[in-house]
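These are the residues of each chain, in order.
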Amino acid sequence: MAFLGVIRRWALREHRSIREIAKRTGLSRNTIRKYLRSGVTEPKFRIPERASKLDKFAAQLAGWLKSEAVKSGKERRTVKQLYADLVLLGYDGSYGRVAAFARAWKTSRQREQQMAGRGIFVPLVFAPGEAFQFDWSEDWAILGGERTKLQVAHFKLAHSRAFIVRAYLLQTHEMLFDAHEHGFRVLGGVPRRGIYDNMKTAVDKVLRGKAREVNSRFTAMTNHYVFEAEFCNPASGWEKGQVEKNVQDGRHRLWQPMPVFEDLAALNAWLEERCIALWSQIPHGSLPGTIADVWAQEKSALMKVERPFDGFVEHGKRVSPTCLIHFDRNRYSVPASFANRPVSVRVYPGRIVVVAEGQFLCEHKRIIERSHNLPPRTVYDWRHYLAVLQRKPGALRNGAPFTELPDAFRQLQQHLLKRPGGDREMVDILALVLQHDEQAVLCAVEMALAAGVPTKTHVLNLLHRLTDAKASQVPEVEPPQGLTLNAEPKADVGRYDELRDASQTRRVQHAS
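Cut-offs applied
Residues numbered from 1 in each chain as written. Predicted model: local features only at pLDDT ≥ 70, side-chain atom pairs only at ≥ 80, totals over all residues. Heavy atoms only, no water. Helix = DSSP H or I, 4+ residues; strand = E, 2+ residues; numbered from the N terminus. Rg over C-alpha atoms; globule rule 2.2 N^0.38 Å. Contact = heavy atoms within 4.5 Å. Lys, Arg positive; Asp, Glu negative; His and termini not counted. Charge placed at Lys NZ, Arg CZ, Asp CG, Glu CD. Buried < 20%, exposed > 50% of the residue type's maximum accessible area, 1.4 Å probe, protein only. Pairing = 2+ DSSP bridges. Expected span 1.5 Å × (residues − 1). Arc of directions from axis to C-beta. Core = buried A, V, L, I, M, F, W, Y, C linked by side-chain atoms within 4.5 Å. Axes fitted to C-alpha atoms, helices over the stretch in contact; angles between N-to-C directions. Parallel < 35°, antiparallel > 145°, perpendicular 65-115°, else oblique. Left-handed = near helix turned anticlockwise from the far one by under 90°.

Attention now moves to the overall build of the chain. Secondary structure summary: the chain contains 17 helices and 15 strands in total. Scaling as 2.2 N^0.38, a compact globule of 512 residues should have a C-alpha radius of gyration of about 24 Å, whereas the chain reaches 42 Å, well beyond that. When the backbone C-alpha atoms are referred to their principal axes, the chain occupies close to 175 × 65 × 45 Å. Pairs at least 24 apart in sequence give 58% of the contacts found in the chain among residues at least 6 apart. For the chain, the centre of its 77 positive side-chain charges and the centre of its 56 negative side-chain charges are spaced 15 Å apart.

A separate point is the environment of tryptophan 238. Summarising the element assignment, tryptophan 238 is placed in the loop between β7 (228–231) and α9 (241–253). Counting along the chain gives 218 residues from tryptophan 238 to glutamate 20, while the straight-line C-alpha distance between them is 64 Å.

This part covers the environment of leucine 61. Tracing the chain through its elements places leucine 61 in helix α4 (residues 58–69). Judged by its relative accessible area of 1%, leucine 61 falls in the buried class. In this structure, the C-alpha to C-alpha distance between leucine 61 and threonine 78, residues 17 residues apart in sequence, is 12 Å. Sequence-distant contacts of leucine 61, defined by excluding residues within four places in its chain, comprise Leu54, Leu82, Leu86, Val98 and Phe101.

Attention now moves to unusual backbone geometry. For the peptide bond that leads from glutamine 256 to proline 257, omega is 0 degrees, which places it in the cis range. Its place among the elements puts proline 257 in the loop between α9 and β8 (260–261). Of note in the backbone geometry, valine 226 takes a positive phi value of approximately 55 degrees without being a glycine. Tracing the backbone through its elements, the reader meets valine 226 in the loop between α8 (216–225) and β7. Exposure remark for valine 226: the relative accessible area of 54% places this residue in the exposed category. Residues other than glycine seldom take positive phi values, yet glutamate 357 does so here, at roughly 55 degrees. For glutamate 357, the position within the fold is in the loop between β13 (351–356) and β14 (359–365). Since its relative accessible area comes to 63%, glutamate 357 is described here as exposed.

Buried residues dominate strand β1 (residues 131–143), accounting for ten of its 13 residues. When β1 meets strand β4 (residues 193–196), the two strands line up parallel, connected through three bridges. Of the residues in β4, the one forming a bridge with phenylalanine 132 is glycine 194. Examined bridge by bridge, β1 and strand β2 (residues 146–157) share twelve bridges and lie antiparallel to one another. Bridge pairing links aspartate 139 to leucine 150 in β2. One ladder, built from two bridges, connects β1 with β8; its direction is parallel. By the bridge assignment, isoleucine 142 is partnered in β8 with valine 260.

This part covers α4. In this model α4 runs 16 Å from its N-terminal to its C-terminal C-alpha over twelve residues, within 8% of the 16 Å that 1.5 Å per residue would give. Of all the residues in α4, the buried ones are Leu61, Trp64, Leu65 and Glu68. End-on view of α4: buried residues confined to an arc of 100 degrees, all on one side of the axis. Seen from the buried face of α4, the exposed residues on the opposite side, beyond 90 degrees, are Ala59 and Lys66. Looking at the packing, one finds that the buried side of α4 touches α5 (79–88) and α6 (95–112).

Now for the nonpolar core. Counting 49 residues, the largest nonpolar core has Phe134, Leu150, Tyr196, Trp255 and Trp279 as the members making the most contacts within it. Elements with a contribution of two residues or more to this core: β1, β2, β3 (163–168), α7 (173–187), α8, α10 (264–279) and α11 (291–298). Sort the elements by how many residues they give to this core and α7 lands first, with seven residues. Residues in contact with leucine 150, not counting those within four places in the same chain, are Ser137, Glu138, Asp139, Ala141, Leu143, Ala167, Tyr168, Leu169, Trp255, Leu264 and Leu267.

Right, let's get into the environment of leucine 460. Tracing the sequence through the fold places leucine 460 in helix α16 (residues 456–469). By relative accessible area, leucine 460 is classed as partly exposed at 27%. C-alpha of leucine 460 to C-alpha of alanine 444: the two residues are 16 residues apart in sequence and 7.8 Å apart in space.

What follows concerns helix α13 (residues 407–416). By the burial criterion, the buried members of α13 are Ala408, Phe409, Leu412, Gln413 and Leu416. What you see down the axis of α13 is that its buried residues fit within an arc of 135 degrees, all on one side. Structural note: α13 exposes Asp407 and Gln414 on the side pointing more than 90 degrees away from its buried face.

Direction vectors running N to C along α4 and α6 enclose 55 degrees, while the axes themselves pass 11 Å from each other. Between α4 and α6, the angle falls in the class oblique. Judged by the sense of rotation from one axis to the other, the crossing of α4 with α6 is right-handed. Contacts between α4 and α6 pair Ala58, Leu61, Ala62, Leu65, Lys66 and Ala69 from the former with Val98, Phe101, Ala102, Trp105 and Arg109 from the latter.

Don't take any of this as a statement about function, it's just geometry.
See the structure below:
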């Protein structure tokens with residue numbers, strides 16, 4: 001460019017001849033004449049078309065790029081993987097040439113499909129307390145020494161951009177309800193709108209336009225928290241771009257390096273503390289101050305939560321003859337009085353509650369196994385089988401539910417089963433927990449074992465002593481108003497002395 005400027009200055013300002021300029025520069029007169037006639041002030045280098053090692057593979061690579069473009073991001077092969085596949089077909093060129101071809105193909109495809117305009121958006125502004133955005137993501141953590149795949153719920157207020165992240169093992173209705181409960185608790189209230197994608201736990205069917213068939217339990221949750229659910233158009237993640245960005249930012253803020261915790265509860269406690277700490281470190285961007293500063297102002301615009309939503313999913317089950325119900329490949333025990341009868345199972349994220357005929361029956365800790373290669377598990381509660389055990393005491397020896405008895409009961413059982421009738425005595429002692437506090441019964445059994453008298457009679461005697469000692473003192477009874485004395489008697493020992501003196505002076509007969 002500097003050399004071209006010298007030629008133009010000599011010719012146009014100093015009016016030198018082309019012959020003289022050619023003599024000074026060493027260029028041909030035709031070359032100088034070409035530059036002056038064209039009026040070019042910024043020459044560009046044209047890349048000559050040369051043969052490439054990729055030419056005979058170009059059609060194959062273009063077909064691969066076209067087929068990969070319609071796949072989801074998780075299933076799509078990267079350019080490095082495509083390069084490795086080309087090498088297997090005989091391509092001996094460089095990776096950079098393949099990457100340049102892929103970039104050029106994507107640019108031309110966007111131009112053909114007129115997709116360049118899809119990258120242009122309108123900035124959105126939300127009023128305080130107006131909306132929140134919700135989304136799911138998949139991440140990994142080491143829980144209990146095992147690498148575990150997690151379903152992570154992301155909550156973000158649209159105005160203050162305060163966010164909360166909570167991890168689960170599954171992405172089901174009860175997990176969704178639990179995520180809302182903790183999200184509203186940490187964020188300090190409920191906005192007027194919630195923005196979601198068309199997740200299956202909320203939308204049963206996508207209709208035309210913005211119309212949706214919303215799940216009945218999800219609708220019950222929105223009615224409880226009093227907010228309006230709004231769903232994005234299909235494949236339009238930019239409509240909730242704030243929480244989508246939160247998913248990307250969370251990769252290096254929370255999940256890199258991979259967190260290591262003993263269990264899921266410890267991980268969620270750390271995630272909550274970490275998110276709240278990040279509010280004070282991240283600037284808001286659009287408003288002055290940090291996210292924590294703007295959230296403190298928005299909190300007053302949120303509706304307070306009076307009580308959490310009872311976010312269970314109910315299933316109808318029939319209890320088996322062995323007093324078990326089946327759920328999610330596992331089995332849970334139910335009181336024997338409801339064997340062979342229908343019950344309702346209310347599923348929560350961490351527990352299972354069994355109800356029937358309007359009454360609570362039992363509760364178990366929920367077991368979630370991600371691997372289907374593991375065998376199903378059975379959760380027993382030996383108390384549920386006491387009614388059957390009273391009719392069949394022989395089942396105590398090999399009954400599966402009674403392998404989990406407390407240590408004191410197992411030691412007493414070993415003593416009682418050594419003599420005739422020990423089964424019946426042990427059953428009678430176990431049945432005491434139906435009428436007395438279980439800890440009191442255990443204490444009585446431990447005292448009998450310590451005294452070296454492991455018998456039913458001695459255990460009953462000790463239990464009665466414990467329960468009688470715990471009896472509260474009888475409160476003083478206030479006498480009715482009609483029985484209150486006008487002149488209450490006063491204690492006077494002098495009257496006794498007067499009676500003694502009178503009896504000695506004269507013989508007086510007193511009523512005995």
